Amino acid sequence: MSIRTLDDLLAEGVSGRRVLVRADLNVPLDKQTGEITDDGRIRAVLPTLGALVSAGARVVVCSHLGRPKGSPDPQFSLSPVAGRLGELLGAPVHFATDTVGDSARSTVAGLADGEVALLENLRFNKGETSKDEAERGAFADELAALADAYVDDAFGAVHRKHASVFDVPARLPHVAGRLVLREVEVLSTLTANPERPYVVVLGGSKVSDKLAVIEALLPTVDRLLIGGGMCFTFLKAQGHEVGSSLLEEDMVETCRNLLERSEGKIMLPVDVVAAVAFAPDAEHHVVPADGIPSKRVGLDIGPETVAGFAAALKGSTAGGPTNARTIFWNGPMGVFEMPAFANGTRGVAEAIAEADAFSVVGGGDSAAAVRQLGLDEKSFGHISTGGGASLEYLEGKTLPGIAALEN
Ligand code: ADP
Ligand code: MG
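Values in this document were obtained by computation on a predicted structure and should not be read as measured data.

Enquirer: Report on the UniProt feature "binding site: ATP" (unreviewed entry) in the protein, specifying residues and quantitative values.
Expert: UniProt's feature table lists "binding site: ATP" (unreviewed entry) at Lys-210, Gly-298, Glu-337, Gly-363, Gly-364, Asp-365 and Ser-366, given in the numbering used throughout. Checked against the element boundaries, Lys-210 lands in helix α10 (residues 207–217). Taking relative accessible area as the criterion, Lys-210 reaches 9% and is therefore assigned buried. When sequence neighbours within four positions are dropped, the list of residues in contact with Lys-210 reads Gly-203, Gly-204, Met-230, Asn-330, Gly-331 and Leu-391. A polar contact is formed between the side chain of Lys-210 and the backbone oxygen of Gly-203, at a distance of 3.1 Å. Residue classification places Gly-363 among the buried positions, given a relative accessible area of 4%.

Enquirer: Any chance you could break down the state of the cysteines for me, citing the residues and the numbers?
Expert: Applying the stated criterion to the full structure yields 0 disulfides. Looking at Cys-255, it has no disulfide partner, and the nearest cysteine sulfur is the one in Cys-231, 10 Å off.

Enquirer: Quick rundown of the pattern of salt bridges? Include the residues and the values.
Expert: Under the defined criterion, the tally for this structure stands at 26 salt bridges. Between Glu-253 and Arg-256 there is a salt bridge whose closest N-O contact spans 2.6 Å. Here the residue Glu-253 and the residue Arg-256 both occupy positions in helix α12 (residues 252–261), the gap between them amounting to 3 residues, near one helical turn. The class of Glu-253 is exposed, set by a relative accessible area of 51%. Taking relative accessible area as the criterion, Arg-256 reaches 31% and is therefore assigned partly exposed. Among the salt bridges present, the one from Asp-376 reaches Lys-378, with a minimum N-O distance of 3.9 Å. Its relative accessible area of 43% is what places Asp-376 among the partly exposed residues.

Enquirer: Now, about the domain arrangement of the protein: what can you tell me, with residues and values included?
Expert: For the protein, the assigned domains are domain 1 (6–180) and domain 2 (193–395). Taking only C-alpha atoms, the centre of domain 1 and the centre of domain 2 are 33 Å apart. If you look at the interface, domain 1 gives 10 residues, while domain 2 gives 10 residues. When the buried surface of domain 1 facing domain 2 is broken down by residue, Asp-38, Phe-155 and His-159 rank first, second and third, together holding 59% of it. At the junction of domain 1 with domain 2, the criterion picks out 1 salt bridge. When residues in the side of domain 1 that touches domain 2 are grouped by element, the largest group, 3 residues, is from helix α2 (residues 40–44). Taken together, the residues of the side of domain 1 that touches domain 2 break down into 4 nonpolar, 3 polar and 3 charged.

Reading guide: rules and limits
- Residues numbered from 1 in each chain as written.
- Chains lettered and ligands numbered in written order.
- Predicted model: local features only at pLDDT ≥ 70, side-chain atom pairs only at ≥ 80, totals over all residues.
- Heavy atoms only, no water.
- UniProt positions renumbered as here; feature names shortened; annotations may be inferred.
- Helix = DSSP H or I, 4+ residues; strand = E, 2+ residues; numbered from the N terminus.
- Buried < 20%, exposed > 50% of the residue type's maximum accessible area, 1.4 Å probe, protein only.
- Contact = heavy atoms within 4.5 Å.
- Polar contact = N/O pair within 3.5 Å; in protein donor to acceptor, adjacent residues only side chain to side chain.
- Disulfide = S-S within 2.5 Å.
- Salt bridge = Lys/Arg side-chain N within 4 Å of Asp/Glu carboxyl O.
- Domains from an automatic or database assignment.
- Buried area = accessible area lost by both parts, 1.4 Å probe.
- Nonpolar A, V, L, I, M, F, W, Y, C, P; charged D, E, K, R; others polar.

Shown next, in the form of structure tokens:
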């Protein structure tokens, strides 16, 4: 991999230079209060920002937040993030109320050496995500005009062909930040030469998002444990009724095909927690995975499944490998945001943490679950900040943001 790194840039000297850092500050916000519910992504970029600040750079940070539709939308303002970033850095962060307009230009012009500015949400501008090269390029020109060098530390966005990720590095000297470098190093060990047994745990809500990664991982892994909302499409493929649980009907055939080709590597839940409604206080029972009553919705894997998955991770199961040495986990095992349905995620996460393995957690919600459930982040080998990006990396896809840094 021929990517220049932050250390290369620092070695050149950055004092007084304007350095644009593409960060992934797309943090979850409380729907009612607008407060940041998990600041993991802000913390993840601190090593890069800290190094630039110490070296006297004029640091210009940019990011997206949520999915605004190409124009300003106050509910997706990065303003609260500027506040939190300032607290974590221990120095105020200047906030520009636009991304490339008057406020951005004057905020950047007013930066002293070692100071940090945050631009308003990149996606308030159509050009950021445009499929039209010219429109994207025009926006990238404006962004690039704000800086003398570019650092990509937004691992969560490297799989996007967006202006700030793909087009800006073509216009400025560019390097990978600490976070991007670490992510790529870790993920490349998973694809190149994982220590065996290698066990992958997949959950979360959308099967269609993750089928490609299942396909790509099947030949490589020794065991694939499937829970979360996506397990129901697989259970259906086995011929079981799943009540009103999450189901992607048009994926059933594909799942059946995957199961047939999986050589028994895929492990599905044997029991699930079925509720009368998708609600935190809904009445619920543990039922066998092949006996989900109609009108019940499966919101978590059951205790017997947790025990089975734990055994596959840190013990042994019939016909399976013993004691995983490498683990990749993406996607919660249930609706962990509701305490009544968080036990599956907690149990599996604890088993991963206890296993004598190098463990990688990928996925925004999975990483948030680790923190929300109060698990020690240090008991995992690596917590990735990029869900989609880490999955696409494992699929072996070319990631536009990484390719742009290689050039
Ligand atoms: P990640 O961000 O870690 O990649 P996903 O975004 O794929 O994970 O999925 C996370 C979401 O999946 C969570 O919000 C969780 O509530 C939801 N989920 C997990 N299990 C279920 C289920 N049984 N039914 C509905 N949603 C579920
Ligand atoms: Mg998610």
